[in-house]
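What follows is each chain in one-letter form.
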Amino acid sequence: MARSFLLRASRSPWLAEQFRRRAFARRAVRRFMPGESLLDALDASAELAKASMGTVLTQLGEQVRNAAEAEDVRDHYLNVLDQVRDRFLPAQVSVKLTHLGLDVDRDTCLRHVRALAEKARKEGCFLWIDMEESGYVDATLDLYRRVRQEGPGVGVCLQAYLRRTPQDLTALLPLSPAIRLVKGAYNEPGTVALPRKTDVDAQYSTLAVQLLDAAAAGRATAVFGTHDLPLIERIREQAAARKADGRYEVHMLYGIRSDAQRRLAGQGVKVRVLISYGSHWFAWYMRRLAERPANVWFVVRSLF
Ligand SMILES: Cc1cc2nc3c(=O)[nH]c(=O)nc-3n(C[C@H](O)[C@H](O)[C@H](O)COP(=O)(O)OP(=O)(O)OC[C@H]3O[C@@H](n4cnc5c(N)ncnc54)[C@H](O)[C@@H]3O)c2cc1C
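Residue positions are counted from 1 within each chain, in the order its sequence is given. In keeping with the model being predicted, local features are shown solely for residues with a pLDDT of at least 70 and side-chain atom pairs are shown and tallied solely at 80 or more, while totals for entire chains, interfaces and linings include all residues. Side-chain numbers come from the whole structure's heavy atoms, not from hydrogens or water.

Undergrad: Even after reading the chapter, I still don't get the overall build of the chain, so can you show me in this structure?
TA: A count of helical and extended segments in the chain gives 13 helices and eight strands. Each radius of gyration is computed over the set of C-alpha atoms, and the globule rule expresses the reference value as 2.2 Å times the number of residues to the power 0.38. A compact globule built from 304 residues would reach a C-alpha radius of gyration of about 19 Å, and the chain, at 18 Å, matches this within 12%. Along the first, second and third principal axes, the C-alpha atoms of the chain reach 50 × 45 × 40 Å. Note on classification: 1.4 Å probe, protein chains only; a residue is buried when its accessible area is under 20% of the maximum for its type, exposed when over 50%, partly exposed between these limits. Here the chain holds 304 residues, and 54% of them are scored as buried. Considering only contacts within the chain whose residues lie at least 6 apart along the sequence, 74% involve residues at least 24 apart. In short, Shrake-Rupley with a 1.4 Å probe defines the accessible areas, and a residue's cover is counted only from the protein chains shown. Total accessible area on the chain stands at roughly 13700 Å², and carbon and sulfur atoms take up 53% of it. Charged residues are defined here as Lys and Arg on the positive side and Asp and Glu on the negative side; His and the ends of the chain fall outside this count. By convention, charge coordinates are those of NZ in Lys, CZ in Arg, CG in Asp, or CD in Glu. Charge centroids of the chain, computed over 46 positive and 35 negative side chains, lie 5 Å from each other. Put simply, DSSP marks the helices as runs of H or I at least four residues long and the strands as runs of E at least two long, and each gets a number from the N terminus on. The contact criterion used throughout is that any non-hydrogen atoms of two residues lie within 4.5 Å.

Undergrad: Help me out: how do you make sense of the nonpolar core in this one?
TA: Nonpolar side chains tend to gather and get buried jointly when the protein is soluble and globular. Put simply, a nonpolar core is a bunch of buried Ala, Val, Leu, Ile, Met, Phe, Trp, Tyr and Cys residues held in one set by side-chain atoms that sit within 4.5 Å of each other. If you look at the biggest cluster of nonpolar residues, it comprises 107 residues, and the most contacted ones within it are F224 and W281. Ignoring anything within four residues of it in the chain, the contact list for F224 reads L181, Y204, A208, L211, L212, I235, Y248, E249, V250 and H251.

Undergrad: Please explain the packing of helix 10 (residues 229-241) against helix 11 (residues 258-266) as it appears in this structure.
TA: Any two packed helices are characterised by the angle at which their axes cross and by the distance between the axes. In this analysis, axes come from line fits to C-alpha atoms, helices being fitted only over the stretch in contact, and the angle between any two N-to-C directions falls in the range 0 to 180 degrees. Packing of helix 10 against helix 11 brings their axes to within 12 Å, and their N-to-C directions diverge by 15 degrees. Judged on the interaxial angle alone, helix 11 and helix 10 are roughly parallel. Once helix 10 is placed against helix 11, the crossing between them reads as right-handed. Of the residues in helix 11, those in contact with L229, I232, E233 and R236 of helix 10 are A260, R263 and L264. Classification convention: Asp, Glu, Lys, Arg as charged; Ala, Val, Leu, Ile, Met, Phe, Trp, Tyr, Cys, Pro as nonpolar; all other residues, Gly among them, as polar. In terms of residue class, the contact of helix 10 with helix 11 is built from four nonpolar, no polar and three charged. Relative orientations are named as follows: roughly parallel for angles under 35 degrees, roughly antiparallel for angles over 145 degrees, roughly perpendicular for angles from 65 to 115 degrees, and oblique for any other angle. By convention the crossing between two helices is left-handed if the near helix lies anticlockwise of the far one by an angle smaller than a right angle, and right-handed if it lies clockwise.

Undergrad: I keep staring at the site of the ligand and nothing clicks. Help me out?
TA: Around the ligand, the structure places 26 residues, and the nearest of them are G184, K197, T226, H227 and E291. One nitrogen or oxygen atom from the main chain of A185 is found 3.1 Å from an oxygen atom belonging to the ligand. Relative to its unbound accessible area of 930 Å², the ligand is 89% covered by the protein chains. Looking at the shell around the ligand, the element that brings in the most residues is strand 7 (residues 248-253), giving three residues. A class-by-class count of the residues in the shell around the ligand yields 10 nonpolar, seven polar and nine charged. Proximity criterion: a residue is near a molecule or strand once any of its heavy atoms comes within 4 Å of it. Side-chain atoms alone can form a polar contact between residues adjacent in sequence; in general such a contact is a pair of N or O atoms within 3.5 Å, and within protein one must be able to donate a hydrogen while the other accepts it.

Worth remembering: the numbers are spatial, not functional.
The following block contains the structure:
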């Protein structure tokens, strides 16, 4: 119930405005982001690189309302790719399609993603496409297919909680895709997503094995986006059994299980930390609270 309440609240513009104006909320949010500016994110990326960890940078924001806003977002990421190159950072980039104008005009959004994918390829970087609410999955996968057919260096996120994801993964594999498998962060009806966490975890494990098989055969790039440590251990065992140790990465969010991130990297696992930055953090922050409602106590503590 707490999860569903927090996820519904994440869509309230009024609450977003209230939170953004409160100093205690800004303090609480700092737990999950190094700062609001791109420079904060780049500096954090440089710090993590010292501990042998790569990063993925993403500017917070979604569902832009007009073409000009979407263009600004594209230009922002083109600049990020320049900065990553200039600072020699082991950083990739991740975007949300609704931030690049998917709701405004699909063809324009496709052009923006193409421009970013081309630039990422030119700079030897990598572009990830996030997965948003279930209503966007068809459009996201369609766009991913088109951009992937034009060249490598681009990957998409799949959510294990969706009932459709086993079919989606199977359908994508002939493309030699790059897949970041996550559990799923949105409020979805039971008809679309598995309502029980144990079923989501089981579906994640099954999909992870399928993805590892493809990665071991050189037919996919496998990324596991999770903080579930027992699950990561099982994935490591499965990878070792397939002699696919170096053929996958584990991605985690900045500020969550940082000790485990360092430990895994120290043990030779390829770890990347996804760093979010920007001022539009409310909906994203609510999703982090919903993942672990105990986090609400951090907000309460920030009041004092
Ligand atoms: C790199 C990355 C990219 C992602 N991209 C997307 C995306 O594009 N689309 C999407 O829908 N979702 C995305 N997510 C979010 C994902 O769907 C889950 O909501 C999130 O990762 C929590 O699930 P979990 O796999 O960590 O497992 P869980 O079983 O939820 O958590 C395992 C353990 O991790 C710790 N933990 C998990 N979340 C938190 C938290 N917020 N605060 C503190 N501790 C926590 C807890 O100790 C928990 O017991 C992404 C996640 C990662 C790591």
